[in-house]
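# Summary of the model geometry
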Amino acid sequence: MSTSIETISLPSDLSPRPTASRLGDTPLIPLIILATIALVAIFADVLAPHNPEVGSLTARFRPPFWQAGGSMDHIFGTDQLGRDVLSRLIFGARVSMVVGFTAVIFAGVVGTVLGIMAGYLGGWVDQVIMRVTDAWLALPALTFAIFLAAIVGPSMWNIVIILGLVYWTRYARVVRGEVLSLKEREFVRLAIVAGCSKWTIMRRHILPNVVNSAIVLATLMLGVVIVTEASLSFLGVGVPPPQPAWGLMLSDGKQGLMVGYWWLTVLPGCCIMLMVLSANLLGDWLRVKLDPQLRQL
Amino acid sequence: MKQFVTRRLGYSLLSLLLLSLTIFFFVRVTGDPAALLVEPGASEEDIAAIHQRFGLDQPLWVQYGLFMLNLARGDFGQSFYYQTPVLDLYFDRLPNSLLLAAVAMAFSLLVGIPSGILAAVRVGRFWDSAGKMFALLGLSLPSFFVGLVLILVFSVFLGWLPSSGSGGVLHILMPAFALGWYFAAAHMRLTRSSMLEVLGSEYVKLARLKGLPQSLVIGKHAFKNALIPVVTLAGINLVLMINVAVVVETVFAWPGVGRLLYEGISFRDFPVVQGIVIMGGTMIVAVNLLVDVVYAVIDPRIRLEK
């Protein structure tokens, strides 16, 4: 186990090949950031120093502790209703995580199932599913989401469903493409010869082979979904107040921006940015690692 | 060729049909559409009048027929807030959106194309990594956050640029930057990959063998060919920009279509929201059709493919 590994420097004009072990070059920083946000989201009740939804109007617009007028009681200051910004950021992580993950999983399940059915069954099933997919892909996702949110009204679970409905099409496209090539492979033909039913083949033989791509896509979609959720909340059709969502905090912070209350916008914005950036970095890495076919995406 | 265009046109119409069905269906499945179509706090008689006017007491397929007939006649309903037809409002705001999208597009191309070329020419070196970082940031930073930080720096702290509204040249700078930022990253990525493909082609190798200087090889032989997909994407993106500018227009109070959509949401002005979504979807379906047809005219391989 303790053999030292010699590193050989390659001539620089050779393209670097992945020589390390499969998980050797894990992008640690994005993983740590995402894990931290997840832990913060889980233990929000313990971590938050104040109630995120209740403030005192006498303590409005307190700056962060390092600025004049700030105190350690409110490390990141307070907002326009005197609520503690740090506590709201901590609970906001919970909203982002819950919405981000459930929406991505919901979209992933719907898209993967429909993609497998379209690809494997072919014929009119394929035509119907893919025409719907094309039509929905043609809509600008954000506008479509705003439209749906405006109809059903704001709530966190509505947002999850809306994001799922808007984004399943991307999974369906990718998965269908993979299934089309998978179904010509030997093991699928042998399964047919062995007398497996279509459903068994799709479930036992096709599904495990497309899960990788679906996971890669899900990681890449996580960033998109979080930004869309933040945009919806920012526009007032997302997570309803007084629930602390980062997008909503940005939107509230807009009022204080012109008088220089920078912490109300910069801090939640940085949280969104960190989370999205980490998800994208992780997704890019997973794409190269797990799925050579998706490298061109 | 004719066959290709007919089939493609058929798909587009089908897309529009599905789009209209989606909108129609969602409005009705989530509750009484009359509740969305009357002003908040309307009386029972008003709701009954709406039921009558939009034929909501008829069977569903008749309702859908009426809905489509109104759309076909250009009747997108009346805005509650402005008391004018939705389509008039839309076309009033459209020039502003086009202006913003045009400036944002110019910015994104001016940044995206040169940096993409630089990254492709110096692939694997410093400028390539810098470009990758830029693209990642561009795709990760939500436009409203970029917008708010711009306001904070250039309006609040430095006091150089106006934070909202429209009018002068200075007004458009920040919204265009915030909107173009994401697209600059997308254009850079495409320019890079397209340029890399062209640089590996036979005719570029020939140009190199002829002993042409690097600037000529890249500027004349590679660049022009690499530009084709970028220009196509830019065309599609221009239409997309008009439709995704809602957040940026809200941040900067830019009086475009996106701002109209935001007002529609805030005032619960449902006909406006619905009208903008329909117009946006139609525009995007149309531009996709146009691109496909133009491509088929240029490249026979596409139209002969099944």
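Residues numbered from 1 in each chain as written. Chains lettered and ligands numbered in written order. Predicted model: local features only at pLDDT ≥ 70, side-chain atom pairs only at ≥ 80, totals over all residues.

### A word on the overall build of chain A
Helices and strands together make up the secondary structure of chain A, namely ten helices and zero strands. Reading chain A from its N terminus to its C terminus gives the helix and strand order α-α-α-α-α-α-α-α-α-α. Considering only intrachain contacts with a sequence separation of at least 6, the fraction spanning at least 24 residues in chain A is 70%. (Helix = DSSP H or I, 4+ residues; strand = E, 2+ residues; numbered from the N terminus. Contact = placed C-beta atoms within 7 Å.)

### So, the overall build of chain B
When its secondary structure is counted, chain B shows 14 helices and zero strands. What you see in chain B, going N to C, is helices and strands ordered as α-α-α-α-α-α-α-α-α-α-α-α-α-α. In chain B, which comprises 306 residues, the share counted as buried stands at 37%. (Buried ≥ 20, exposed ≤ 12 C-beta atoms within 10 Å, placed from the backbone.)

### Some remarks on helix α7 (residues 143-157) of chain B
With 15 residues, α7 of chain B extends 20 Å from end C-alpha to end C-alpha; this agrees with the ideal 21 Å at 1.5 Å per step. On its buried side, α7 of chain B packs onto α8 (198-235), α9 (246-257) and α10 (263-290) of chain A together with α8 (169-199) and α11 (246-252) of chain B. Within two residues after α7 of chain B, G159 of chain B carries a phi angle of roughly 70°, on the positive side. (Expected span 1.5 Å × (residues − 1).)

### Focus: the interface of chain B and chain A
The interface of chain B with chain A comprises 39 residues on the first partner and 38 residues on the second. Going through the elements one at a time, α1 (2-29), α6 (126-140), α7, α10 (214-244), α11, α12 (257-266) and α13 (270-298) of chain B are the ones with two or more residues in the side of chain B that touches chain A. In terms of residue class, the side of chain B that touches chain A is built from 29 nonpolar, ten polar and no charged. (Nonpolar A, V, L, I, M, F, W, Y, C, P; charged D, E, K, R; others polar.)

### Topic: the confidence of the model for chain B
All names here are of chain B. Across chain B, the average pLDDT comes to 81, with 92% of residues at 70 or higher. Looking across chain B, the model is least confident in helix α14 (residues 300-304), with a mean pLDDT of 65, and most confident in helix α5 (residues 86-121), with 88. Our summary of model confidence lists the complex with pTM equal to 0.81 and ipTM equal to 0.79. (pLDDT = per-residue confidence, 0-100.)

### Points about the packing of α7 of chain B against α8 of chain B
All names here are of chain B. Orientation of α7 relative to α8, taken along the N-to-C sense of each, is 145°, at an axis distance of 9 Å. Seen along the crossing, α7 lies across α8 with a hand that is right-handed. Taken together, the residues of α8 that come into contact with α7 (itself represented by S143, V146, G147, L150, I151 and F154) are M174, F177, A178, L179, W181 and Y182. Of the residues in the contact of α7 with α8, the class split is ten nonpolar, two polar and no charged. (Axes fitted to C-alpha atoms, helices over the stretch in contact; angles between N-to-C directions. Left-handed = near helix turned anticlockwise from the far one by under 90°.)

### Overview of the packing of α8 of chain B against α10 of chain B
Residues and elements named next belong to chain B. The N-to-C vectors of α8 and α10 enclose an angle of 155°; their axes lie 9 Å apart at closest approach. As far as their axial angle goes, α10 and α8 are roughly antiparallel. Between α8 and α10 the crossing geometry is right-handed. Of α10, the residues touching α8 (which contributes L179, F183, H187, L190, T191, S194, M195, V198 and L199) are A222, N225, A226, P229, V230, L233, A234, N237 and M241. (Parallel < 35°, antiparallel > 145°, perpendicular 65-115°, else oblique.)

### Observations concerning the nonpolar core
If you look at the biggest cluster of nonpolar residues, it comprises 161 residues, and the most contacted ones within it are A145, I146, L163 and M221 of chain A together with M241 of chain B. With 18 residues, α8 of chain A is the largest single contributor of residues to this core. Setting aside its immediate chain neighbours within four residues, A145 of chain A contacts I162, L163, V166, T228 and L232 of chain A. (Core = buried A, V, L, I, M, F, W, Y, C linked by C-beta atoms within 7 Å.)

### Re α6 of chain B
Look at α6 of chain B: 21 Å from first C-alpha to last across 15 residues, which is about the 21 Å you get at 1.5 Å a residue. Every buried residue of α6 of chain B is accounted for by G131, A135, G138 and S140 of chain B. Structurally, α6 of chain B contributes buried residues whose contacts are with α8 and α10 of chain A together with α5 and α8 of chain B.

### Examining the environment of S20 of chain B
All names here are of chain B. Within the secondary structure, S20 is located in helix α1. Note on S20: 18 C-beta atoms within 10 Å, which makes it partly exposed. When the C-alpha atoms of S20 and Y64 are compared, they prove to be 9.0 Å apart, with 44 residues separating the residues in sequence. Other than its neighbours up to four places away in sequence, S20 contacts M68 and L71.

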